[in-house]
Amino acid sequence: MLSAEIIAIGSELLSPNRIDTNSLWLTDQLNRIGIDVKLKTIVGDDDARLEEVVKDAAKRSRVVITTGGLGPTEDDVTRKVVARALGRRLSLDENVLADIRARFQSFGVNMPERNSRQAMVIDGAEVLPNPNGTAPGLYLEVSERSDRTLPDGRVSVGCAIALLPGPPREMKPMFEHHVLPRIGKLAGETRFATRMLRVTGMGESAVDEKISPIYTRYENPQTTILFNSSEIEIHLRAHGRTEQDADALLDNLSLKMENALGNSVFSFHGETMEEVVGRRLAMTEFTVAVAESCTGGLIAQRLTSVPGSSKYFIEGVVTYSNESKTHLLGVDKKVIKEFGAVSQQVARDMARGIRHKAKADFGLAVTGIAGPSGGTEEKPVGLVYIALADAAHTEHKKLKLPGDRELIRWRASQAALDMLRRRLI
């Protein structure tokens with residue numbers, strides 16, 4: 001199986017304000033043709049460290065892709081450092097220079113002299129055109145010397161190296177049109193497929209306890225379990241002779257996991273909770289209206305973020321004050337006074353009230369204490385009640401949610417949507 005690594009270059013990627021999205025996209029593209037990404041590295045504009053990373057990458061990987069550092073400024077060092085790491089000369093290519101000049105002239109300006117650096121080409125490299133910018137890419141295949149071996153003692157057979165610009169609008173088409181056809185010939189017959197199952201209402205340990213006896217019997221597919229703010233993600237990755245073969249392996253394993261986890265699995269291909277709920281509402285032709293207090297409209301926002309939600313979402317209200325609960329939803333003042341706004345009684349009345357007001361099939365409501373203040377010993381921060389009403393009956397659920405204000409709000413919205421999902425099942 002062909003291995004690859006990606007080197008993202010630029011000191012800005014080491015700051016807290018920038019994210020390396022290029023590596024994520026490239027990993028997906030490489031996996032699609034059966035190339036396994038083993039390592040991703042972010043390197044600042046540091047000649048010595050970049051040279052060290054490139055040398056090591058060329059020794060251990062069959063495909064090396066760099067992004068960034070091909071611009072005209074002093075801190076754009078990728079060409080010269082890669083040339084030095086490979087022991088190759090860097091020389092000016094007059095044809096590339098003429099193309100860059102022509103691009104500037106097409107905009108009615110003269111090329112700044114410093115842009116001539118972008119016409120420097122590593123000996124033996126193919127120039128990759130860039131119609132979306134001034135920085136051409138480079139591609140070269142390095143034949144391995146007999147004195148260079150991998151850490152495990154195997155003799156390496158060389159690697160293909162592609163130097164790509166950093167801006168995604170330049171990098172992506174260059175990879176698709178010029179790099180992918182070249183490395184695709186090296187990839188062989190192995191193909192990858194991935195899948196993500198989402199689980200709600202269970203902790204990470206509980207999920208693993210149920211499915212570890214299943215997935216530990218498999219080397220292919222591979223299983224990874226991750227926890228995010230309100231759910232568990234099960235990532236499956238399989239390889240086969242074709243993508244269809246790999247998909248069949250995923251079908252087999254995911255079905256066994258579904259049987260073990262039951263209705264706690266709400267998504268089989270990475271869909272969000274609101275997408276799953278929206279699809280079920282659309283299929284059943286049921287409608288829903290929501291009344292929210294502590295979530296402040298988050299449930300309505302999530303439901304309406306799904307295209308086509310106008311078919312099933314009637315309306316939503318944020319009844320933050322006690323007066324609004326009474327005025328808009330008909331919650332009895334005496335109920336609020338006796339049990340408090342954060343109570344099962346008020347949540348149930350809110351759900352029934354919004355259902356009646358909107359003339360919807362379902363009324364969904366949430367009330368709680370998101371914090372960081374406002375909690376008491378009897379009703380602490382994180383206490384949330386959700387309720388769901390239809391024509392036949394009303395159900396409710398009491399939750400004690402951990403986290404800060406935003407996390408409690410998000411988890412409350414997730415639990416409310418999951419209550420509706422389970423009713424629709």
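Criteria and cut-off values
- Residues numbered from 1 in each chain as written.
- Predicted model: local features only at pLDDT ≥ 70, side-chain atom pairs only at ≥ 80, totals over all residues.
- Heavy atoms only, no water.
- Axes fitted to C-alpha atoms, helices over the stretch in contact; angles between N-to-C directions.
- Helix = DSSP H or I, 4+ residues; strand = E, 2+ residues; numbered from the N terminus.
- Parallel < 35°, antiparallel > 145°, perpendicular 65-115°, else oblique.
- Left-handed = near helix turned anticlockwise from the far one by under 90°.
- Contact = heavy atoms within 4.5 Å.
- Buried < 20%, exposed > 50% of the residue type's maximum accessible area, 1.4 Å probe, protein only.
- Pairing = 2+ DSSP bridges.

Q: So what exactly am I meant to see when it comes to the packing of helix 1 (residues 21–32) against helix 5 (residues 168–184) here?
A: Axis angle and axis distance: for two packed helices, these are the angle between their axes and the distance between the axes, and together they describe the pair. Their axes nearest at 12 Å, the elements helix 1 and helix 5 cross at an angle of 25 degrees. As summarised for this structure, helix 1 and helix 5 are arranged roughly parallel, according to the angle between their axes. At the point where helix 1 passes helix 5, the crossing takes the right-handed sense. Contact with helix 1, carried on its side by Asn22, Trp25, Leu26, Gln29 and Leu30, involves Pro168, Met171, Lys172, Phe175, Glu176 and Ile183 of helix 5 and no other residues of that element.

Q: What should I look at first to understand the pairing of strand 3 (residues 63–67) in this one?
A: As a general feature of sheets, a regular strand has side chains that alternate between the two faces. With respect to burial, strand 3 is a largely interior element, five of its five residues being buried. Where burial is concerned, the two faces of strand 3 agree: the one with Val63, Ile65 and Thr67 and the one with Val64 and Thr66 are both buried. Bridge count between strand 3 and strand 8 (residues 159–164): five bridges; the pairing is parallel. When the bridges of strand 8 are listed, Thr66 appears paired with Leu163.

Q: What should I look at first to understand the sheet that holds strand 3 in this one?
A: Pairing between the strands of a sheet comes from backbone hydrogen bonds, and it takes one of two forms, parallel or antiparallel. Reading across from one edge, 2-1-3-8-7-6 is the order of the six strands in this open sheet, with mixed pairing throughout. Unpaired on one side and paired on the other, strand 2 (36–43) and strand 6 (126–128) mark the two borders of the sheet. The sheet shows a mean angle of 15 degrees between the axes of neighbouring strands, taken without regard to direction. As paired strands, strand 6 and strand 7 (residues 137–142) are joined by three bridges and run antiparallel to one another. Residue pairing across strands places Leu128 opposite Gly137, the latter belonging to strand 7. The sheet contacts of helix 1 involve strand 1 (3–9), strand 2, strand 3 and strand 8, and relative to strand 2 the element is tilted by about 160 degrees. Where helix 3 (residues 78–86) meets the sheet, it contacts strand 1, strand 3, strand 7 and strand 8, and its direction lies at approximately 165 degrees from that of strand 8.

Q: Would you take a moment to explain the sheet that holds strand 9 (residues 191–199) for this structure?
A: Strands sit in the order 10-11-9-12 across an open sheet of four strands; the sheet is antiparallel. Only two strands of the sheet have a single neighbouring strand rather than two, namely strand 10 (222–227) and strand 12 (265–267). Within this sheet the neighbouring strands show an average axis-to-axis angle of 30 degrees, counted without direction. Direction of pairing for strand 9 relative to strand 11 (residues 232–240): antiparallel, over a ladder of nine bridges. Among the inter-strand pairings, Thr194 is bridged to a residue of strand 11, identified as Arg237.

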